[in-house]
Amino acid sequence: MKTLTITRPDDWHTHVRNGAILQTVLPHTAAQFARAIIMPNLKPPVTTVAHALAYREEILQAVPTGANFTPLMTLYLTAATTVETIKAAAECEHVYAFKLYPAGATTNSDAGVADVTTIYPLLAAMEKYELPLLLHGEVTDESCDIFDRERVFIDRHLTAITRDFPDLRVVLEHVTTREAVQFVEAAGANVAATITPQHLLFNRNAMLAGGIRPHYYCLPILKRETHRQALIKAATSGSAKFFLGTDSAPHITHTKENACGCAGCYSAFGALELYAEAFEQADALDKLEGFASFYGADFYRLPRNTDTVTLQKSPWTVPAVYGEITPLKAGENLSWKLISA
Ligand code: DOR
Ligand code: ZN
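Residues numbered from 1 in each chain as written. Chains lettered and ligands numbered in written order. Predicted model: local features only at pLDDT ≥ 70, side-chain atom pairs only at ≥ 80, totals over all residues. Heavy atoms only, no water.

Caption draft 1: Representation of the coordination of the zinc ion (ligand 2) in the model. Protein-derived ligands of the zinc ion (ligand 2) are His 13 (NE2), His 15 (NE2) and Asp 247 (OD), with the metal-ligand distances lying across 2.0 to 2.1 Å. In the primary structure, the donors to the zinc ion (ligand 2) are separated according to the pattern H-x1-H-x231-D. Taken together, the positions of His 15 in the loop between β2 (11-14) and α1 (19-32) and Asp 247 in the loop between β9 (242-244) and α10 (253-256) put the pair 232 residues apart, joining distant regions of the chain. Among the residues examined, His 15 registers a relative accessible area of 7% and is labelled buried. Relative accessible area serves as the criterion here: at 5%, Asp 247 is assigned to the buried category. (Donors = N, O, S within 2.8 Å, 3.2 Å for Na, K, Ca; no water. Helix = DSSP H or I, 4+ residues; strand = E, 2+ residues; numbered from the N terminus. Buried < 20%, exposed > 50% of the residue type's maximum accessible area, 1.4 Å probe, protein only.)

Listed below in C-alpha cells is the structure:
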C-alpha cells in the first residue's frame, strides 16, 4: 500500500471557535498539526492579550490527552486598538500576529477596520515590534462585485501597505486569484500567502452548478478555474511564499443550509488528506512537505517540527456530519488517510 511520510505539518490559519464547537473541532486539528494560528473572530472578538490568554487556556483544555498541540494566538485589529496593545502582544510569548478584517468582510468582522489608512500607526508599530499582519484581503463596498473583491483589495490597499511598510511581514490569507499569486510572487520575502484546500480542489462550479451547495460557500468565494490553476501552480511550485492555512471554519449545519447561509468550509477533520488529493492531482506530492511543514514555520521564525505523520493511499468516505457540523466533501470519498500522527 502506498504511503507518504512527511514532517508534521502546522496550520497557519484556522478557526476553532469556542464553547461546544471547539470541543468537536479541536481534536481534529490537534490530531494532524503540531501548531496552528488561531483566528480571533469570536463573539466578542479577541482584541486584548488577556482575552487571547484566556482563549488559549480554553483551547488547551480541549486538546485530547496524549496529543501534542500548541495554539498560536492572534489579536483582532479594531479602530480602538492602540500601539500599547501591539507592544503588549509583542511581549507576550503566546501571541504571534494581528489579524485585519475589513469591517463587514466576513463572519464576525463587524468590529473590523473600516478604513485601513486609519490604522497606519498600528502597522508601523507591528513593523517595529516584528509582529506579522494577517490580512483578510477583500474590499467590502457594495459596488464591488464579490468575485473581484480580492483583486481590488490588492490594488487599492495592499500595494500601498507593502510600499509604506517595507519590513512588515504580511500574510495575504486564503488567496483565491491569479492576481493575488502574482502580487505575492513579485513582493519581497516578507510577503507570503496561505492557500486553503477548498480553493485548490474546487472552482465556483462546485458551489453553483446544478444546484446551490452551501458547504462550498466561503469567503473569499471560490473563483473560476483559471484562478484555481494559478493556486495549484503556486502551492506546488516549491516557493516558500506559499504555505498551508486551511481556513477551516466550522458552522452548525442549519446556519449554512439557510436562506442567508454562513461563509466557511469545515476541513480540519481531514485537512492533510484534502491537500494530498490536490497535490496528487497535480502530480506534485513531493512538494507537499515544504508547503505543509516547512515554509510557514520559516516565515513565522519558528523551528520546523521534527516528528512525522504518515498518510496511506486507502479510500474512505467522509462522514455526513461531525457533531452538528457538515464537513467539506461530506459523504464523498477521499483517497488518502492519515494513519499515524
Ligand atoms: O469563509 C470564511 N469563514 N471566511 C472567513 O474569512 C471567515 C470564516 C469564518 O470565520 O467563518
Ligand atoms: Zn479565516
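Moving on from the coordinates now.
Caption draft 2: Local environment of the sheet that holds strand β3 (residues 35-38). On the basis of which strands lie adjacent, the open sheet formed by eight strands has the order β2-β3-β4-β5-β6-β7-β8-β9 and parallel pairing. Taken across any chain shown, the strands that pair with only one partner, and hence form the sheet edges, are β2 and β9. Between one strand axis and the next, the sheet turns by 30 degrees as a mean value, whatever way the strands run. Pairing analysis gives three bridges linking strand β8 (residues 191-195) to β9, with the strands arranged parallel. Across the sheet, the residue bridging to Thr 194 is Phe 243, located in β9. Sheet contacts for helix α3 (residues 83-91): β4 (70-76) and β5 (95-100); angle to β5, the most-contacted strand, approximately 145 degrees. Contacts between helix α6 (residues 178-186) and the sheet are confined to β7 (170-172), β8 and β9, with β8 contributing the most and set at about 145 degrees to the helix. (Pairing = 2+ DSSP bridges. Axes fitted to C-alpha atoms, helices over the stretch in contact; angles between N-to-C directions. Contact = heavy atoms within 4.5 Å.)

Caption draft 3: Representation of the environment of Ser 237. Take Ser 237: it is sitting in the loop between α9 (225-235) and β9. On the basis of relative accessibility, which here comes to 40%, the residue Ser 237 falls in the partly exposed class. As a C-alpha pair, Ser 237 and Gly 290 span 53 residues in sequence and 9.9 Å in three-dimensional space. Of the polar contacts made by the side chain of Ser 237, one reaches the backbone nitrogen of Ser 239; its length is 3.0 Å. (Polar contact = N/O pair within 3.5 Å; in protein donor to acceptor, adjacent residues only side chain to side chain.)

Caption draft 4: Seen up close, helix α11 (residues 271-281). Most of α11 is tucked away, with nine of its 11 residues classed as buried. Among all positions in α11, only Ala 271, Leu 272, Glu 273, Leu 274, Tyr 275, Ala 276, Glu 277, Ala 278 and Phe 279 are buried. The positive-phi residue at the C-terminal boundary of α11 is Asp 283, with phi of around 55 degrees.

Caption draft 5: Focus on the sheet that holds strand β11 (residues 333-340). With respect to topology, three strands assemble into an open sheet ordered β1-β10-β11, the strand pairing being antiparallel. Looking along the sheet, the strands with just one partner apiece sit at the ends: β1 (3-7) and β11. Between one strand and the next, the sheet's axes are offset by a mean angle of 35 degrees, whatever the strand orientation. In the sheet, strand β10 (residues 308-317) pairs with β11 via six bridges, with the strands oriented antiparallel. The residue of β11 that forms the bridge with Leu 311 is Leu 338. In the packing of helix α12 (residues 288-299) onto the sheet, contacts are made with β1 and β10, and the angle to β1 comes to roughly 30 degrees.

Caption draft 6: A look at unusual backbone geometry. Cis geometry is adopted by the peptide bond preceding Pro 44, which originates at Lys 43 and carries an omega value of -5 degrees. By the element assignment, Pro 44 lies in the loop between β3 and α2 (49-61). Along the chain, Leu 219 connects to Pro 220 via a cis peptide bond; the corresponding omega equals -5 degrees. Inspection of the secondary structure assignment puts Pro 220 in the loop between α8 (205-208) and α9. Even without being glycine, Glu 130 reaches a positive phi, approximately 60 degrees.

Caption draft 7: Here's a closer look at empty space enclosed by the protein. The final tally for this structure, using the stated rule, is two cavities of 30 Å³ or more. Of the voids in this model, the largest cavity is the one considered here, and its volume is about 110 Å³. A breakdown of the residues in the lining of the largest cavity according to their chemical character gives six nonpolar, eight polar and three charged. Approximately 30 Å³ is the volume found for the second largest cavity. Lining the second largest cavity are Thr 176, His 199, Phe 202, Leu 222, Lys 223, His 227, Arg 228 and Leu 231. Residue contributions to the lining of the second largest cavity peak at three residues, all from α9. Its residues assigned to classes, the lining of the second largest cavity comprises three nonpolar, three polar and two charged. (1 Å grid on protein atoms, 1.4 Å probe; cavity = no way out; pocket = protein on both sides within 12 Å on 5 of 7 lines; lining within 4 Å. Points joined across faces, edges and corners; volume = space filled by probe spheres on them. Nonpolar A, V, L, I, M, F, W, Y, C, P; charged D, E, K, R; others polar.)

Caption draft 8: Representation of the site of ligand 1 within the structure. In the vicinity of ligand 1 lie 13 residues, with Arg 17, Asn 41, Leu 219, His 251 and Ala 263 positioned nearest. Residue His 15 places a side-chain N or O atom 3.3 Å away from an oxygen atom belonging to ligand 1. Arg 17 has a polar side-chain atom sitting 2.8 Å from an oxygen atom of ligand 1. In isolation ligand 1 has 290 Å² of accessible area, and contact with the protein removes 100% of it. Under a 2 Å grid-point criterion requiring more than half of the atoms, the pocket assigned to ligand 1 is the largest cavity. For the shell around ligand 1, a count of residues per class yields four nonpolar, seven polar and two charged. (Near = heavy atom within 4 Å. Areas by Shrake-Rupley, 256 points an atom, 1.4 Å probe, with all protein chains shown as cover. Sits in = over half its atoms within 2 Å of the grid points.)

Keep in mind these numbers describe shape, not what the thing actually does.
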